[in-house]
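One-letter residues, chain by chain:
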Amino acid sequence: MPNRWNLPDLGYGIGLRTKHFPHILANRPKVDWFEALSENFMDTGGRPLYVLDRVAEQYPVVLHGVSMSVGSTDPLDVSYLQKLKALAKRTQARWVSDHLCWTGVSGMNVHDLLPMPLTDESLAHVIDRVKRVQDLLERPIALENASSYLEFTQDTWAEWDFLSTLAEEADCALLIDVNNIYVSAFNHGFDPKQYLDGIPADRVVQHHLAGHTNKGTHIIDTHNDHVIDEVWELYRYAYGRFGSVSTLLEWDADIPDFDVVHAEALKAAEYRTRPEREAGAGKTEAVHAR
Amino acid sequence: MPDKAGLAPTQHWLQAHIVSPELDDQAASLESEQRVKPSATLTARERADVYRGMYLSRMQEALAADYPVLRDYLGEQMFGSLVADYVQQHPSSSYTLNRLGDHLPAYLKSRDPLHHALATFELAVTEAFDAEQSPVLTASDVMAIPPDQYADVVLDPIPALRLVQVDYPAHRFKQSYRDDRPYPVPEPDETRLVVYRREYQIFWAVLETAAFGLLESLTEGRRLGPAIEHACLHGGADEAQLFAWFQEWVSNGLFQAARVSPETD
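Basis of the calculations
- Residues numbered from 1 in each chain as written.
- Chains lettered and ligands numbered in written order.
- Predicted model: local features only at pLDDT ≥ 70, side-chain atom pairs only at ≥ 80, totals over all residues.
- Helix = DSSP H or I, 4+ residues; strand = E, 2+ residues; numbered from the N terminus.
- Rg over C-alpha atoms; globule rule 2.2 N^0.38 Å.
- Buried ≥ 20, exposed ≤ 12 C-beta atoms within 10 Å, placed from the backbone.
- Contact = placed C-beta atoms within 7 Å.
- Pairing = 2+ DSSP bridges.
- Axes fitted to C-alpha atoms, helices over the stretch in contact; angles between N-to-C directions.

Chemist: Can you walk me through the overall build of chain A in this structure?
Modeler: For chain A, the count of helices and strands is 10 helices and 10 strands. Relative to the globule expectation of 19 Å for 290 residues, the C-alpha radius of gyration of chain A, 18 Å, shows essentially globular dimensions. Burial status across chain A gives 52% buried among its 290 residues. Once local pairs closer than 6 in sequence are excluded, the contacts in chain A between residues at least 24 apart make up 80%.

Written as structure tokens, this is what we have:
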């Protein structure tokens, strides 16, 4: 199903990481597209920006941020948004994304994707902020579902309903991170398929996939390993729901060689066409913690 | 009375729970239970502590990336303690972690002169790494200036240039780190360095006192004539030395432009 902005399916991309700069510059690998972490390139005029410019000359680029803090009760950082806008123009970014989260208050940034209380007050707050961000950037943004490790007692919304209503009311796009749904489903005990079923397909412009760390009692979204089979199965289910959507493999810690990361991203193609596993094998219900 | 369950109070509570160096155990557990749902496997407090537990390790990781020599020299435990103390006074207020360590040299100045020297040098390297790219003044650009105007020339340094003056030879520690060799014995040795970027690579060089003074004058916008006069008078440098230094600096691409500016000074 095409999204309402007709943003293209860019194929299978990977995150642009410093470790891979020499390989990318020297070999110009056949990758469909790259996602660059906005904040890593906004305040540098050195080699990172030089590499990003070369990458943007040859590949489609999407900008992905971690510090917009769209859910914070602090004022929006207009200077940050202006730099983001300039970087998007410089790289001809196909779109710009960040997370449904907040990263700090009282002028502080704890540099974590902190969960929103899922309340009417939060929803109204974020809708207003997303509209203002989009007005300033003069483009729709894609908001990603972040992994979370707690739920608030005051929550009155299911996250997928909150996110969907936010997207409809603020008229923004969605970046659906399949691994994050798996992680949060494990941590909070919901059915990840129910999450995907609750998302409006015409607003989904991108998927994320990544590895994580299972601590037994909870899962941490560490991006330090291969994608596990259960998440791949969930991705296949997402493909059934949303169709062909640009898919990005994130690998941010213990990063292996470029070819390993790229090969992991290309696995996504198999799951778009592979038939569903036989019943009982890798059932997504197995992620429930309770 | 403010709504304790509102968005802003909730965010302030969680942030305080994450960044506070010490928590009153009983109060933290009680408030966590009021604000956070338990899961099947974790209590409310344990769930809030997941975020708390990751905060300092993230700060350590960010600062270790900018201060690898200091991190290696101190070792994990001492560096961890330093970071924990430092971020209490200088928590991140930027959208990027790249700015987190900007205050570390000043923070260390009164605490430990060697650590201060290492941090000062490493911050200079980081700043040179991230500075804006610029054109570079060439020898032919210099030759194009009429000789009778040399005294009035003002040289604009490249943005990726930093001058460092510290009480220990921080560059030797950096080299040991790079070469995976034992660190030198930490003996005070007043050290002057120029750190710069060329072709997206970082270089540094030790400068004599007079050379450092001259380069400092030039980067501050002083005209060539008065800067040289000052270096000869106070630094004891002769003309041949000055010419050699200047030639080397131009050849290393330390300046981006030269302009005749008779009305400055």
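What follows continues from the structure just given.
Chemist: When you look at helix α9 (residues 209-219) of chain B in this model, what are you seeing that I'm missing?
Modeler: An α-helical turn contains 3.6 residues, so a residue and the one three or four places further along point in the same direction. Residues and elements named next belong to chain B. When we look at burial in α9, the residues that qualify are A210, A211, F212, L214, L215 and L218. The inward-facing, buried residues of α9 contact β1 (153-157), β2 (161-166), β3 (191-198), α10 (224-235) and α11 (239-251). Just downstream of α9, G221 is the residue with a positive phi angle, here 100°.

Chemist: Looking at this model, I keep getting lost on the sheet that holds β2 of chain B. Mind explaining?
Modeler: Sheet strands associate in pairs through backbone hydrogen bonding, adopting either a parallel or an antiparallel arrangement. All names here are of chain B. Ordered by their spatial adjacency, 3 strands build an open sheet running β2-β3-β4, and the pairing between neighbours is antiparallel. Each having just a single partner strand, β2 and β4 (201-206) make up the two edges of the open sheet. Each strand of the sheet is rotated relative to its neighbour by a mean of 20°, with strand direction disregarded. Relative to β4, β3 runs antiparallel, the two being bridged by 6 bridges. Bridge assignment links V194 to a residue of β4, and that residue is A205. Its contacts with the sheet put α9 on β2 and β3, and the angle it makes with β2 is roughly 135°.

Chemist: Honestly, unusual backbone geometry in this entry has me stumped. Any pointers?
Modeler: Both trends apply: most residues other than glycine have a negative phi, and most peptide bonds are in trans. Residues and elements named next belong to chain A. Of note in this structure, H111 is not a glycine but carries a positive phi near 55°. Summarising the element assignment, H111 is placed in the loop between β4 (96-100) and α5 (120-137). For H111, a count of 23 C-beta atoms within 10 Å gives the class buried. You will see that E138, though not glycine, has its phi angle at about 60°, which is positive. Its location among the elements puts E138 in the loop between α5 and β5 (141-145). Among the residues examined, E138 registers 9 C-beta atoms within 10 Å and is labelled exposed.

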